Amino acid sequence: MQFCIRDDDTSFFTSPEQLENAYGELSQHGPISLAVVPFHRAGTSKGVPEKYRGRWSVHPLHENRSLVEYLRQGVSAGRYEVMLHGYYHDEPDGHWEFQRGDDLGRRVADGRRYLEDLIETKVRVFVAPRNGIGREGLRAIAREGLHLGGVAGLRSGWPRCSPRSWRTWLRLRRWKMTGQFGVPWVLDLGDHREIPGNAVTPLSRSSANEATFRAAVSVDGVFCVFTHYWELETPSQHSDEPIVGEQLRRLVDLSRSNPRVMWRSVGDVVSTVL
Ligand SMILES: [Zn+2]
């Protein structure tokens, strides 16, 4: 079984200390895949510090020199992977950046090239801001040869004329009908692959995540955590759950204590597993 960790929202607004506090120790044991915003627009996202929220100014990653240096070193040491997380992330009219738009192809191509040049790495995975994707967004990432962190589904971009879309849909439906948790595979849509994320947030339930983890072990599949460095210290909304970071640590412990589990980057998992 393969285990990976996806963390969203690294941007101009992130400090190296925040990432180091979140992952300095964890990343000694396995890679953390960071979904990075190239030109964050200071909108309503929780990853934007309060004093910037609602200004709608654009903040290129390269203006945060200490973060760029930290990411370069982390990537070259194998502690981090960089993925593309939208282009501006926040849109002034409130729509989700990659759900629709006629500029998405350019944003994916330019955003990817910018991150690859700046961090000196290869980007293989796209993560949609707010997990919102649509047909145009999906087409744009497939054209760039990227894979998707998350699942689009028939309602959000899988081509309805493709038998492969329906085969995948049917497989997921059968899995759910047997009462199983989560989706423990990488999904192959032909022109790109998708890797489902299991949320570790103030709303998540450890019991559900651990059941999904066990299901993934049982089918020798995949378990991908999806979380945010900026909320690891946040208490759970459930009174009987520990803080978010502790829920993450438990999943890491589960994977490290099981010899059948291999911890890899999201890009490695989605590029090689079927
Ligand atoms: Zn985000």
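The following refers to the structure shown.

The rules behind these values
- Residues numbered from 1 in each chain as written.
- Predicted model: local features only at pLDDT ≥ 70, side-chain atom pairs only at ≥ 80, totals over all residues.
- Heavy atoms only, no water.
- Helix = DSSP H or I, 4+ residues; strand = E, 2+ residues; numbered from the N terminus.
- Rg over C-alpha atoms; globule rule 2.2 N^0.38 Å.
- Buried < 20%, exposed > 50% of the residue type's maximum accessible area, 1.4 Å probe, protein only.
- Contact = heavy atoms within 4.5 Å.
- Core = buried A, V, L, I, M, F, W, Y, C linked by side-chain atoms within 4.5 Å.
- Phe/Tyr/Trp six-rings, centres within 6.5 Å; stacked < 30°, edge-to-face > 60°.
- Lys NZ or Arg CZ within 6 Å of the ring centre and 35° of its normal.
- Patch = residues over 30% accessible without salt bridge, like charges linked within 9 Å, V, L, I, M, F, W, Y side chains within 5 Å.
- Areas by Shrake-Rupley, 256 points an atom, 1.4 Å probe, with all protein chains shown as cover.
- Salt bridge = Lys/Arg side-chain N within 4 Å of Asp/Glu carboxyl O.
- Lys, Arg positive; Asp, Glu negative; His and termini not counted.
- Charge placed at Lys NZ, Arg CZ, Asp CG, Glu CD.
- Polar contact = N/O pair within 3.5 Å; in protein donor to acceptor, adjacent residues only side chain to side chain.
- Axes fitted to C-alpha atoms, helices over the stretch in contact; angles between N-to-C directions.
- Nonpolar A, V, L, I, M, F, W, Y, C, P; charged D, E, K, R; others polar.
- Donors = N, O, S within 2.8 Å, 3.2 Å for Na, K, Ca; no water.

Things to note about the overall build of the chain
Then comes step 1: A count of helices and strands for the chain gives 8 helices and 12 strands.
Then comes step 2: For 274 residues, the compact-globule formula gives about 19 Å, and the C-alpha radius of gyration of the chain, at 18 Å, lands near that figure.
Then comes step 3: Structurally, the chain occupies a C-alpha span of about 50 × 45 × 35 Å along its principal axes.
Then comes step 4: In the chain, buried positions account for 58% of the 274 residues.
Then comes step 5: By sequence separation, contacts in the chain at least 24 residues apart represent 71% of the contacts at least 6 residues apart.

Brief notes about the nonpolar core
Buried together is how nonpolar side chains tend to be arranged in soluble globular proteins.
Then comes step 1: One finds Phe3, Tyr23, Leu61, Phe126 and Leu248 to be the most contacted residues of the largest nonpolar core, which totals 62 residues.
Then comes step 2: In terms of residue count, the dominant contributor to this core is helix 3 (residues 104–119) (6 residues).
Then comes step 3: Apart from residues lying up to four places away in sequence, Phe126 is in contact with Leu84, Gly86, Phe98, Val108, Ile133, Ile141, Leu146, His147, Leu148 and Gly149.
Then comes step 4: Core analysis: the second largest hydrophobic core is formed by 12 residues, Val127, Val186, Ile195 and Cys224 among them.

Looking at the packing of aromatic side chains
Then comes step 1: Applying the stated criterion across every chain, the model contains 13 aromatic pairs.
Then comes step 2: Of the aromatic side chains, those joined through ring pairs into one cluster are Phe3, Phe213, Phe223 and Trp263.
Then comes step 3: The positively charged end of Arg6 is found above the aromatic ring belonging to Phe226, 4.2 Å away from the centroid.
Then comes step 4: Above the face of the Tyr87 ring, Arg106 is positioned so that its terminal group lies 5.2 Å from the ring centre.

Details of a positive patch on the surface
Then comes step 1: Taken together, the side chains of Arg135, Arg139, Arg143, Arg155 and Arg160 define a basic patch exposed on the protein surface.
Then comes step 2: Relative to the helices and strands, Arg160 resides in the loop between strand 7 (147–149) and helix 5 (163–177).
Then comes step 3: Assessed through its relative accessible area of 52%, Arg160 is described here as exposed.

Focus: the pattern of salt bridges
Then comes step 1: Counting across every chain of the model gives 20 salt bridges.
Then comes step 2: Here Arg41 makes a salt bridge to Glu91, at a shortest N to O gap of 2.7 Å. A residue pair is termed long-range when its members are at least 10 positions apart, and Arg41 in strand 3 (residues 39–41) and Glu91 in the loop between strand 5 (80–84) and helix 3 qualify at 50 residues. Neither residue differs from the other here; Arg41 and Glu91 are each classed as buried.
Then comes step 3: Each member of the salt-bridge network shares a partner with another, and the members are Arg41, Glu91, Glu97, Asp103, Arg106, Arg107 and Asp110.

So, the side chain of Arg41
Then comes step 1: Taking relative accessible area as the criterion, Arg41 reaches 13% and is therefore assigned buried.
Then comes step 2: Among the polar contacts made by the side chain of Arg41, one reaches the side chain of Glu91 at a distance of 2.7 Å.
Then comes step 3: In contact with Arg41, other than residues within four places in its own chain, are Val48, Trp56, Ser57, Val58, Tyr88, Asp90, Glu91 and Pro92.

With respect to the packing of helix 1 (residues 16–23) against helix 2 (residues 65–76)
Then comes step 1: Their axes nearest at 9 Å, the elements helix 1 and helix 2 cross at an angle of 35°. Contact residues: helix 1 offers Pro16, Leu19 and Glu20, while helix 2 offers Ser66, Leu67, Tyr70 and Leu71.
Then comes step 2: Considered class by class, the residues forming the contact of helix 1 with helix 2 number 5 nonpolar, 1 polar and 1 charged.

As for unusual backbone geometry
Then comes step 1: In the Ramachandran plot, Asp9 falls in the positive-phi region, its phi being about 95° despite a non-glycine side chain.
Then comes step 2: Along the chain, Asp9 falls in strand 1 (residues 2–10).
Then comes step 3: Residues other than glycine seldom take positive phi values, yet Arg130 does so here, at roughly 55°.
Then comes step 4: When you line up the elements, Arg130 lands in the loop between strand 6 (125–127) and helix 4 (135–143).
Then comes step 5: Taking the relative accessible area as the measure of exposure, Arg130 reaches 36% and is therefore partly exposed.

Comments concerning a nonpolar patch on the surface
Then comes step 1: On the surface, Trp166, Trp169 and Leu170 cluster together into a nonpolar patch covering about 260 Å² of accessible area.
Then comes step 2: Structurally, Trp166 is set in helix 5.
Then comes step 3: Residue Trp166 is classed as partly exposed on the basis of its relative accessible area of 34%.

Observations regarding the environment of His89
Then comes step 1: Tracing the backbone through its elements, the reader meets His89 in the loop between strand 5 and helix 3.
Then comes step 2: Within the structure, the side chain of His89 is placed 3.1 Å from the side chain of Asp9, a separation counted as a polar contact.

Side note on the coordination of the zinc ion
Then comes step 1: For the zinc ion, the protein coordination sphere consists of Asp9 (OD), His85 (NE2) and His89 (NE2), at 2.0 to 2.2 Å.
Then comes step 2: Every donor residue of the zinc ion comes from the same chain, spaced as D-x75-H-x3-H. You'll find His85 and His89 in the same group, each marked buried.

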